[in-house]
Amino acid sequence: MAPRVRACTLCHGKEGRATPEGYFPRIAGKPAGYLANQLFNFRDGRRNYAPMSHLLETLSDAYLHEIAAYFAALDLPYPPPPAPQAAPAQIALGQRLVQHGDAARRLPACVQCHGSAMTGVAPAIPGLLGLPRDYLNSQLGAWQTGQRHAQAPDCMAEVARKLSADEVSAISAWLAAQPVPAHGKPAAQLPAPLPLRCGGVALPAADQRGRT
Ligand code: HEC
Ligand code: HEC
């Protein structure tokens, strides 16, 4: 598989492990179901990045699952995070929203879905650590403006639309400055049912209870 995915690693870094600088996201070691869903999303127009959509347009579901499994199985260390790039009050706001949400606005905590260690939950929820700040800002913004979609029901669109621009930048600044624990492996299961229903996340019915 390594030679076949050389086109991918040109942008995503050697073996798919981008550095914390720059915009290209790391793909190595992310949950396989999440990676496969993203490849479908780019191919089928729910996410937009022309050079990638173009590469994927003729590839079958089965082949995209193979590519996803290849990158998911890579177990490579993460570089240390960059120093926080925001004022301490902003960083504190970001941390509070990620860990506790805001019950008054029915904003769930990010950790309720992304795992208490924020390393994601297998098979389809990605981690929030080891991603560049610019990439985080841009993805949350893309959900707010409808540029990025997940499979319906799109719980991330619901979450992102509750956040102000200032909150998005606080969250991204805090997350991007956190170290990734022990290779950042996704958790095997959720500690509790998801607070909202999320498409593309195959979980036992009891874990998809949700409010909506
Ligand atoms: C021309 C550069 C480029 C090439 C080539 C490329 N990618 Fe990407 N990829 C990107 C960028 C930029 C993004 C983020 C796009 C966005 O803003 O949503 C991305 C996003 C992704 C994501 C989503 C990551 C996440 O955390 O959500 C996956 C998975 C991915 N690429 C896999 C691949 C695979 C597999 C290939 C090879 C078949 C590939 N890419 C080729 C630049 C590239
Ligand atoms: C109800 C569950 C849920 C909550 C709460 C939630 N997320 Fe997500 N998030 C998901 C799912 C599911 C995905 C994968 C979506 C997809 O397949 O594209 C995701 C994807 C993401 C991504 C894309 C990662 C990448 O590599 O491109 C980011 C960034 C993100 N979430 C940030 C957050 C932040 C920040 C919060 C808290 C403010 C949050 N999420 C709260 C379920 C959730």
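Residues numbered from 1 in each chain as written. Chains lettered and ligands numbered in written order. Predicted model: local features only at pLDDT ≥ 70, side-chain atom pairs only at ≥ 80, totals over all residues.

Taken together, the neighbourhood of ligand 1 is formed by 21 residues, with C8, C11, Q38, Y49 and P51 sitting nearest. Of all the secondary-structure elements, those providing two or more residues to the shell around ligand 1 are α1 (6–12), α2 (32–44) and α3 (50–56). It is α1 that contributes the most residues to the shell around ligand 1, five residues altogether. (Near = placed C-beta within 6 Å. Helix = DSSP H or I, 4+ residues; strand = E, 2+ residues; numbered from the N terminus.)

On to the UniProt feature "binding site: heme c 1" (unreviewed entry) in the chain, then. Within this numbering scheme, the UniProt entry marks C8, C11, H12 and M52 as carrying the feature "binding site: heme c 1" (unreviewed entry). These residues run over 45 residues, yet every pair of their C-alpha atoms falls within 11.1 Å of each other. Looking at the element boundaries, H12 is found in helix α1. C-beta crowding within 10 Å serves as the criterion here: with 19 such atoms nearby, H12 is assigned to the partly exposed category. Looking at the element boundaries, M52 is found in helix α3. (UniProt positions renumbered as here; feature names shortened; annotations may be inferred. Buried ≥ 20, exposed ≤ 12 C-beta atoms within 10 Å, placed from the backbone.)

A word on the site of ligand 2. In the vicinity of ligand 2, 28 residues are found, and the nearest of them are P108, C110, C113, A150 and L196. Among the elements of the structure, α2, α5 (88–100), α6 (111–114), α7 (133–145) and α8 (155–161) are those that each provide at least two residues to the shell around ligand 2. Counting contributing residues per domain, the shell around ligand 2 is built from domain 1 (6–72) and domain 2 (88–208), each supplying no fewer than three. (Domains from an automatic or database assignment.)

Inspection of the secondary structure assignment puts Q99 in helix α5. With sequence-adjacent residues up to four places away left out, Q99 is seen in contact with A109 and V111. (Contact = placed C-beta atoms within 7 Å.)

As a further point, take the UniProt feature "domain: Cytochrome c" (unreviewed entry) in the chain. Residues annotated by UniProt as "domain: Cytochrome c" (unreviewed entry) correspond here to residues 89–179. For residues 89–179, the helix share is 53%, the strand share is 0%, and the end-to-end C-alpha distance is 20 Å.

Generally speaking, nonpolar side chains in soluble globular proteins are found buried as a group. Counting residues in hydrophobic clusters, the biggest one holds 39 residues, and the most contacted among them are L35, L39, A68, F71 and L175. Taken together, the elements giving at least two residues each to this core come down to α2, α4 (61–72), α7, α8 and α9 (165–176). In terms of residue count, the dominant contributor to this core is α9 (seven residues). Counting residues domain by domain, this core receives three or more from each of domain 1 (6–72) and domain 2 (88–208). When near neighbours in sequence (up to four residues on either side) are disregarded, F71 contacts G16, I27, A28, K30 and L35. (Core = buried A, V, L, I, M, F, W, Y, C linked by C-beta atoms within 7 Å.)

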